[in-house]
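# Architecture at a glance
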Amino acid sequence: MVLVDERAVSRRALRRGAMLATALSASLTAAVVETPSFQRLSFDHTRDLQEHLDYAADLGAEIVRLPGRDLVTGLVELAREHRVSHLVLGRDVHRGLAQRLAPDITDRLLAALPELELHLVAG
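Description of the structure in this document. (Residues numbered from 1 in each chain as written. Predicted model: local features only at pLDDT ≥ 70, side-chain atom pairs only at ≥ 80, totals over all residues. Heavy atoms only, no water.)

When helices and strands are counted, the protein chain shows 5 helices and 5 strands. Counting from the amino terminus, the protein chain carries its helices and strands in the arrangement β-α-β-α-β-α-β-α-α-β. Expected size for 123 residues packed as a compact globule is a radius of gyration near 14 Å; at 14 Å, the protein chain falls within 12% of this value. For the C-alpha atoms alone, the extent of the protein chain along its principal axes is close to 40 × 35 × 25 Å. Sorting the 123 residues of the protein chain into buried and exposed places 39% on the buried side. Within the protein chain, contacts between residues separated by at least 24 positions form 78% of all contacts whose residues are at least 6 apart in sequence. With the model as given, the accessible surface of the protein chain reaches about 7200 Å², and the carbon-plus-sulfur share is 52%. Of the charged side chains in the protein chain, 15 are positive and 17 negative; the average position of the first set lies 5 Å away from that of the second. (Helix = DSSP H or I, 4+ residues; strand = E, 2+ residues; numbered from the N terminus. Rg over C-alpha atoms; globule rule 2.2 N^0.38 Å. Buried < 20%, exposed > 50% of the residue type's maximum accessible area, 1.4 Å probe, protein only. Contact = heavy atoms within 4.5 Å. Areas by Shrake-Rupley, 256 points an atom, 1.4 Å probe, with all protein chains shown as cover. Lys, Arg positive; Asp, Glu negative; His and termini not counted. Charge placed at Lys NZ, Arg CZ, Asp CG, Glu CD.)

Here is the structure:
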């Protein structure tokens, strides 16, 4: 499963996820977690997200969308529902102060899903 959002790194994550799925003879799932902040995306970000989803479809991915109160809760729910063993996330190198002080998403995901293999793709 690959987390897809409006960031440019999503495209690289999708490529990596497609390569991984091919190597494992597994299906590819592109996941969008629609958090409350998702509803406030600008027109440009919404367009970028749709371009990434179109790319995912071109790669043969199943696209799943799930409303969630936060990103980690939504990803955990999707991973359990779809019995995901590998999760590919795009990771931006430049992180703001608020993000550096908040608990890391990877730590929270691995605490909730210790059997998950997490793949981080740099932007």
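Next comes the rest of the write-up.
Mapping Arg83 onto the fold places it in the loop between helix H3 (71-81) and strand S4 (86-91). For Arg83 and Ser42, which are 41 residues apart along the polypeptide, the C-alpha to C-alpha distance reads 32 Å.

There is a patch of like positive charges on the surface, built from Arg11, Arg12, Arg15 and Arg16. Mapped onto the elements, Arg12 comes out in helix H1 (residues 9-24). Owing to a relative accessible area of 36%, Arg12 belongs among the partly exposed residues under this scheme. (Patch = residues over 30% accessible without salt bridge, like charges linked within 9 Å, V, L, I, M, F, W, Y side chains within 5 Å. Salt bridge = Lys/Arg side-chain N within 4 Å of Asp/Glu carboxyl O.)

Following the criterion strictly, the structure yields 0 aromatic pairs and no others. Over the face of the ring belonging to Tyr55 we find Arg11, whose NZ or CZ atom lies 3.9 Å from the ring centre. (Phe/Tyr/Trp six-rings, centres within 6.5 Å; stacked < 30°, edge-to-face > 60°. Lys NZ or Arg CZ within 6 Å of the ring centre and 35° of its normal.)

This part takes up the packing of H3 against helix H5 (residues 105-112). At a closest axis distance of 10 Å, the pairing of H3 and H5 adopts a crossing angle of 40 degrees. Between H3 and H5 lies a crossing whose hand is right-handed. On H5, the residues that touch Leu71, Val72, Leu75, Val76 and Arg80 of H3 are Ile105, Arg108, Leu109 and Ala112. Of the residues assigned to the contact of H3 with H5, the class counts are 7 nonpolar, no polar and 2 charged. (Axes fitted to C-alpha atoms, helices over the stretch in contact; angles between N-to-C directions. Left-handed = near helix turned anticlockwise from the far one by under 90°. Nonpolar A, V, L, I, M, F, W, Y, C, P; charged D, E, K, R; others polar.)

A word on the pairing of strand S3 (residues 62-67). Pairing of strand S2 (residues 29-34) with S3, which is carried by 6 bridges, proceeds in the parallel orientation. By the bridge assignment for S3, Glu34 is matched with Pro67. Handedness of the β-α-β unit built from S2, helix H2 (residues 43-58) and S3 comes out right-handed. (Pairing = 2+ DSSP bridges. Right-handed = clockwise from strand over helix to strand, strands pointing away.)

In this structure the tally under the stated criterion is 7 salt bridges. Taking the shortest distance from any N to any O, the salt bridge between Arg47 and Asp44 comes out at 3.1 Å. With Arg47 and Asp44 both in helix H2 and 3 residues apart, the pair spans about one turn of that helix. Here Asp44 falls in the partly exposed class, since its relative accessible area comes to 42%.

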